[in-house]
Amino acid sequence: MATVIAVRGTAEERIAPELGAVSLTVSVSGAERDTTLARTSTAHEQLVAEVRELEASGALDTWSAGQLRVSSHRPWNNEGKQLPVVHQASADVEVVFTDLDRLGDWVSTISLGDSVGIGGIDWRLTDATRRRTQEAAQRGAVADAVAKAAVYAAALGLGAPTPVELADTGLLTAQPVPPSGGGERMFAMRASADMAGGGGPSQFTPALLVITASVEARFAADTA
């Protein structure tokens, strides 16, 4: 009777990002609603004008700008007294760079403004590169499963194992599928960027992306 060998294969592919998506927020607070809205609108228009220049230079993949939002609230001081109304206006902008050198220079400059805050940078791949890299990781995970099964079979004195079942992680076991989704996932291995200004582009290092894949497999092996 054949022996069933169950294994999990894993693999990862490391690759430099091709795109950098910068999230920004233009925000102004003030006592006068109209004045606050006008200041925010001016800062937003200036930022969009700079983004359009970047687009015209060929440094961008895409960009988007949200509409202005206005809210009001009455803060409290440390003595429990409610202060006059404060109005806040804001708008979000996302800029996706293909030229990562320009991204570093621009972020260092734009972060010096009083009205613009940087929410973060999301390193990405193009769809075609992501698919190609995922496929490479998936093939590597299968190869890892085959190699593990062969080791176990040899240790038991069995012949070459024959694949019986193969699935994404979690589909062959009673365990729940991991939060990442099981089959493959992508994350940033490291990221270092001086987004506070003053550090210069030399301190700006794009994250190395790591795409991982895992599979579960069952093999059958007979006595050699």
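Residues numbered from 1 in each chain as written. Predicted model: local features only at pLDDT ≥ 70, side-chain atom pairs only at ≥ 80, totals over all residues. Heavy atoms only, no water.

Concerning the nonpolar core
Counting 37 residues, the largest nonpolar core has Leu24, Val95, Phe97, Leu103 and Trp106 as its most contacted members. If one sorts the elements of this core by residue count, strand β9 (residues 209-221) sits on top with seven residues. (Core = buried A, V, L, I, M, F, W, Y, C linked by side-chain atoms within 4.5 Å. Buried < 20%, exposed > 50% of the residue type's maximum accessible area, 1.4 Å probe, protein only. Helix = DSSP H or I, 4+ residues; strand = E, 2+ residues; numbered from the N terminus.)

Some thoughts on the packing of aromatic side chains
When we look at a pair of aromatic rings, we describe it by the centre distance and by the angle of the planes. Counted under the stated rule, the structure contains one aromatic pair. With centroids separated by 5.7 Å and ring planes inclined at 45 degrees, the aromatic side chains of phenylalanine 97 and tryptophan 106 adopt a geometry described as tilted. Like tryptophan 106, phenylalanine 97 is buried. (Phe/Tyr/Trp six-rings, centres within 6.5 Å; stacked < 30°, edge-to-face > 60°.)

Considerations on the packing of helix α1 (residues 33-57) against helix α2 (residues 100-110)
Interaxial distance between α1 and α2 falls to 13 Å at its minimum, and their mutual angle equals 165 degrees. It follows from the interaxial angle that α1 and α2 lie roughly antiparallel. Of the two elements, α1 crosses α2, and the hand of that crossing is right-handed. Every residue of α2 that contacts α1 at Leu47, Glu50, Val51, Leu54 and Ser57 is listed here: Arg102, Trp106 and Ile110. Within the contact of α1 with α2, the residues separate by chemical class into five nonpolar, one polar and two charged. (Axes fitted to C-alpha atoms, helices over the stretch in contact; angles between N-to-C directions. Parallel < 35°, antiparallel > 145°, perpendicular 65-115°, else oblique. Left-handed = near helix turned anticlockwise from the far one by under 90°. Contact = heavy atoms within 4.5 Å. Nonpolar A, V, L, I, M, F, W, Y, C, P; charged D, E, K, R; others polar.)

Re the side chain of glutamate 216
Looking at the element boundaries, glutamate 216 is found in strand β9. In terms of polar contacts, glutamate 216 uses its side chain to reach the side chain of arginine 8, at 2.8 Å. Engagement of the side chain of glutamate 216 in a polar contact is seen with the backbone nitrogen of leucine 172, the distance being 3.3 Å. (Polar contact = N/O pair within 3.5 Å; in protein donor to acceptor, adjacent residues only side chain to side chain.)

Thoughts on a nonpolar patch on the surface
Where nonpolar side chains cluster on the molecular surface, the patch consists of Val142, Val146 and Leu166 and spans about 230 Å² of accessible area. Counting through the fold element by element, valine 142 comes out in helix α3 (residues 127-155). (Patch = residues over 30% accessible without salt bridge, like charges linked within 9 Å, V, L, I, M, F, W, Y side chains within 5 Å. Areas by Shrake-Rupley, 256 points an atom, 1.4 Å probe, with all protein chains shown as cover. Salt bridge = Lys/Arg side-chain N within 4 Å of Asp/Glu carboxyl O.)

A word on the confidence of the model for the chain
For the chain, per-residue confidence averages 87 on the pLDDT scale, and residues scoring 70 or more make up 86% of the total. In the model, residues 176-181 has pLDDT below 50 throughout and makes five contacts with residues more than four positions away in sequence or in other chains. Taken as a whole, residues 190-202 scores under 50 in pLDDT and shows 27 contacts with residues more than four places along the chain or in a different chain. (pLDDT = per-residue confidence, 0-100.)

So, the pattern of salt bridges
A side chain with one charge can pair with a side chain of the opposite charge if their charged atoms come near. By the definition in use, this model includes seven salt bridges. Between arginine 8 and glutamate 216 there is a salt bridge, and its shortest N-O distance comes to 2.8 Å. Of the two residues, arginine 8 sits in strand β1 (residues 3-15) while glutamate 216 sits in strand β9, which places them 208 residues apart along the sequence. For the salt bridge of arginine 14 with glutamate 12, the shortest nitrogen-to-oxygen distance reads 2.8 Å. On the basis of relative accessibility, which here comes to 38%, the residue glutamate 12 falls in the partly exposed class. Through salt bridges with shared partners, a single network forms among Glu94, Asp122 and Arg124.

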